[in-house]
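Results of the structural survey
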Amino acid sequence: MKYYGNKSILLSISKPQLNMSLRFYHSLLLLQLIFCSISAILSQDNGDPAIRTMEAFSGYPIHESNSFATDFVSSLSVDALTLQKQIDELSTFSDTPAPSVTRILYSEKDVLARRYIKNLMTLAGLSVREDIVGNIFGRWTGHEAELAPLATGSHIDAIPYSGKYDGVVGVLGAIEAINVLKSIWYIDQFSFGLSCADWNFNRYGFKPKRSLEVIMFTSEEPTRFGISCLGSRLLAGSEALAKDLMSTVDSQNISFLDAARSAGYAKEQDDLSSVFLKKGSYSAFLELHIEQGPILEEEGTSIGIVTAIAAPASLKVDFEGNGGHAGAVLMPKRNDAGLAAAELALAVEKHVLDSGSVDTVGTVGILELHPGAINSIPSKSHLEIDTRDIDEKRRNIVVEKIHQSAVSIAKTRGVVLSEFKIINQDPPALSEKLIIEAAEAASKELNLTHKLMISRAYHDSLFMARVSPMGMIFIPCYKGYSHKPEEYASGQDIANGVKVLALTLAKLSLQ
Ligand SMILES: [Zn+2]
């Protein structure tokens, strides 16, 4: 590893700076003691010279307790250059040449990338652990360690020929957010409203009340085993997935467990239920991510605060009709499975539009005809349909209408609806109001433009929402590109996102 920049923030404090910092600390301690001893006998108004001194020193009113001090906010400093170097370096753990990134679950490159992340977590002073499927956790213990920790994170796996920012910004950015908080020197303003005994005077900078945890989720992308958000689904306690994975194989017929073992996981046990988190394991979960859409960039808005994550229902449909010669079989005699599929594709569009909401979307991403010859009437057709919404009921109505259409199209066209299978039907998730408010307040205090928006792509947050209050922060990305090599987010936008993440975590960690 070449770059130890985050650590270098801490290591680069020179001796004179350290002495100055210690003097600063001692001065503050002295002032704190003075203030503490006289506060019992003096009234705490702005006429009080001790309070005036403290206010002048700290730069904010000492009775302030609802928002962070401006000193705290202005001292949030992101090492954007080092962060970019880390993003670039992580992108080299790839099975395809730059600028594309291909990093498949439990591949050699994935294992190396995981090692890179664990090293950075360690350098940030986090205690690192992994579960048996390779979800990685780095914890910064708070001063009330018995409280449920606050978590943030994302994924680093990448579909074939994709880019280097999807997920990565939310993992490396989260580690950098921890570094940002660790390198702050300030007076804990929350102390001022409390009795002297409760003051949290922290010599080494901000220290959270709740522990903070950075999570790198295993396999957000479905590339290898066809299951998206594999790690977070298991964390959320999916019994069905834990059972299915016992017999799941990849395209090379390698079982999930063998693949996990080759990467150093699931060595001693294969009971995947050990991965499940109890509800309430985290006080909140917050994910930083590129938008993967064009809205923020087009509007020139720095930060998107996600209010809801749309969730897909995925369907597989098969029709069987009668094949035949494209010239010899007359039109009234045909039972064309291809036309049934075409008609169903248009029905999907109609039912989605009929919902009346722009948040309802539907896509026929796969449409295959058999035998697939220009002069042969399709005897079989296969469709795969994805429909999403932030309103579960509305989306399920669309699914039901698609089913009704498939049945009636089969009847009219004299073909057989041989399969109509709902592959998954995940419920959408709503962000927690308190998290949205904290992220909004953080954006305002950092003077960053922001907007509330929904996430039409889904993320590990969708599943974390099942066991924890959840929120997401989006940053703009170039033309909304994602899942291709052109994916790009500027250093400034990433730094903005990390700052908002750090400040929001700081706020939530004290609640
Ligand atoms: Zn992602």
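All of these numbers come straight from a predicted model, not from anything done at the bench.

Calculation rules
- Residues numbered from 1 in each chain as written.
- Predicted model: local features only at pLDDT ≥ 70, side-chain atom pairs only at ≥ 80, totals over all residues.
- Helix = DSSP H or I, 4+ residues; strand = E, 2+ residues; numbered from the N terminus.
- Buried ≥ 20, exposed ≤ 12 C-beta atoms within 10 Å, placed from the backbone.
- Contact = placed C-beta atoms within 7 Å.
- Core = buried A, V, L, I, M, F, W, Y, C linked by C-beta atoms within 7 Å.
- Pairing = 2+ DSSP bridges.
- Axes fitted to C-alpha atoms, helices over the stretch in contact; angles between N-to-C directions.
- pLDDT = per-residue confidence, 0-100.
- Expected span 1.5 Å × (residues − 1).
- Parallel < 35°, antiparallel > 145°, perpendicular 65-115°, else oblique.
- Left-handed = near helix turned anticlockwise from the far one by under 90°.
- Nonpolar A, V, L, I, M, F, W, Y, C, P; charged D, E, K, R; others polar.
- Arc of directions from axis to C-beta.

With respect to the overall build of the protein
- Helix and strand counts for the protein stand at 16 helices and 17 strands.
- Put simply, the protein has 511 residues, and 43% of those count as buried.
- Taking all contacts inside the protein whose residues are at least 6 apart in sequence as the whole, residues at least 24 apart take part in 77%.

Notes on the nonpolar core
- In this structure, Ile-175, Ala-177, Ile-178, Ile-473, Leu-501, Ala-502 and Leu-505 are the most contacted members of the largest nonpolar core, which totals 97 residues.
- The residues contacting Ala-177, other than those within four sequence positions of it, are Val-498, Leu-501, Ala-502 and Leu-505.
- Counting residues in each nonpolar core, the second largest holds 19 residues, with Leu-344, Ile-385, Ile-402 and Val-415 among its members.

Describing the sheet that holds strand S11 (residues 361-370)
- The strand order across the open sheet formed by 4 strands is S11-S13-S9-S14, and the pairing between neighbours is antiparallel. What marks the edges here is a single partner per strand, and that holds for S11 and strand S14 (416-425). Taking each pair of neighbouring strands and ignoring which way they run, the sheet shows an average axis angle of 15°.
- The pairing of strand S9 (residues 311-320) with strand S13 (residues 380-389) spans 10 bridges and is antiparallel.

So, the confidence of the model for the protein
- Here the protein shows a mean pLDDT of 86. Residues at 70 or above account for 82%.
- Of the regions scoring below 50 in pLDDT, residues 1-67 engages in 71 contacts with residues more than four places distant in sequence or in other chains.
- Across residues 187-204, where pLDDT falls below 50, the model places 25 contacts with residues more than four positions away in sequence or in other chains.

Focus on the pairing of strand S4 (residues 150-155)
- Burial analysis of S4 places 6 of its 6 residues in the buried class, the great majority of the element.
- Where burial is concerned, the two faces of S4 agree: the one with Leu-150, Thr-152 and Ser-154 and the one with Ala-151, Gly-153 and His-155 are both buried.
- Strand direction decides the pairing type here: S4 and strand S6 (residues 212-217), joined by 6 bridges, are parallel. Its bridge partner being in S6, Ala-151 is matched across the sheet by Glu-213.
- By the bridge criterion, 3 bridges tie S4 to strand S7 (residues 284-290) in an arrangement that is parallel. Looking across to S7, one finds that Leu-150 is bridged to Ala-284.

Details of helix H7 (residues 168-182)
- Compared with an ideal rise of 1.5 Å per residue, which puts 15 residues at 21 Å, H7 spans 21 Å between its outermost C-alpha atoms and is within 8% of the ideal.
- The buried count for H7 comes to 15 of 15 residues, which makes it a mostly enclosed element.

Regarding the packing of helix H12 (residues 337-354) against helix H13 (residues 392-413)
- Their axes nearest at 9 Å, the elements H12 and H13 cross at an angle of 150°. Relative to H13, the element H12 lies roughly antiparallel. Considering how the two elements wind past one another, H12 and H13 form a crossing that is right-handed. Where H12 abuts H13, its residues Leu-339, Ala-340, Glu-343, Leu-344, Ala-347, Val-348, His-351 and Val-352 lie against Val-398, Lys-401, Ile-402, Ser-405, Ala-406, Ile-409, Ala-410 and Arg-413.

Describing the packing of helix H14 (residues 433-445) against helix H16 (residues 491-509)
- Contact geometry of H14 with H16 gives a least axis separation of 9 Å together with a crossing angle of 125°. In terms of orientation, H14 lies oblique with respect to H16. Where H14 crosses over H16, the two elements pack in a sense that is right-handed. Across the interface between the two elements, Ile-435, Ala-438, Ala-439, Ala-441, Ala-442, Ser-443 and Glu-445 from H14 touch Val-500, Leu-503, Thr-504, Lys-507 and Leu-508 from H16.
- When its residues are assigned to classes, the contact of H14 with H16 shows 8 nonpolar, 2 polar and 2 charged.

What to know about the pairing of S7
- Taken across its 7 residues, S7 has 7 buried, putting it largely inside the fold.
- Side chains of S7 alternate between two faces, with Ala-284, Leu-286, Leu-288 and Ile-290 and Phe-285, Glu-287 and His-289 buried alike.
- In this structure, S7 lies alongside strand S17 (residues 470-475), joined through 6 bridges in parallel fashion. Each residue of the ladder has a partner; that of Leu-286, found in S17, is Gly-471.

Overview of unusual backbone geometry
- The peptide bond linking Ala-98 to Pro-99 adopts the cis configuration, its omega dihedral lying at 5°.
- Structurally, the position occupied by Pro-99 is in the loop between helix H5 (80-91) and strand S1 (101-103).
- With an omega dihedral of 10°, the bond running from His-370 to Pro-371 counts as a cis peptide bond.
- Topologically, Pro-371 is positioned in the loop between S11 and strand S12 (376-377).
- At Tyr-106, a position not held by glycine, the phi torsion is positive, near 65°.

Digging into H12
- Between the first and last C-alpha of H12 there are 25 Å, a value that for 18 residues agrees with the 26 Å anticipated at 1.5 Å per step.
- Taken together, the buried positions of H12 are Ala-337, Gly-338, Ala-340, Ala-341, Leu-344, Val-348, His-351 and Val-352. End-on view of H12: buried residues confined to an arc of 155°, all on one side of the axis. Those residues of H12 that are exposed and angled more than 90 degrees off the buried face are Leu-346, Lys-350 and Asp-354.
- Structurally, H12 contributes buried residues whose contacts are with S9, S11, S13 and H13.
- One or two steps after H12, the chain reaches Gly-356, where phi turns positive at roughly 80°.

Quick look at the environment of Cys-229
- Along the chain, Cys-229 falls in the loop between S6 and helix H8 (230-235).
- According to the C-beta neighbour criterion, Cys-229 is buried, with 26 such atoms within 10 Å.
- Spatially, the C-alpha atoms of Cys-229 and His-459 are 7.1 Å apart, while their sequence positions differ by 230 residues.
- Excluding residues within four positions of it along the chain, Cys-229 makes contact with Glu-220, Asp-460, Leu-462 and Phe-463.

Observations regarding the environment of Asp-354
- Examined against the element boundaries, Asp-354 turns out to sit in helix H12.
- When the 12 C-beta atoms within 10 Å are taken as the criterion, Asp-354 is described as exposed.
- A C-alpha to C-alpha distance of 8.9 Å links Asp-354 and Val-398, two positions 44 residues apart in sequence.

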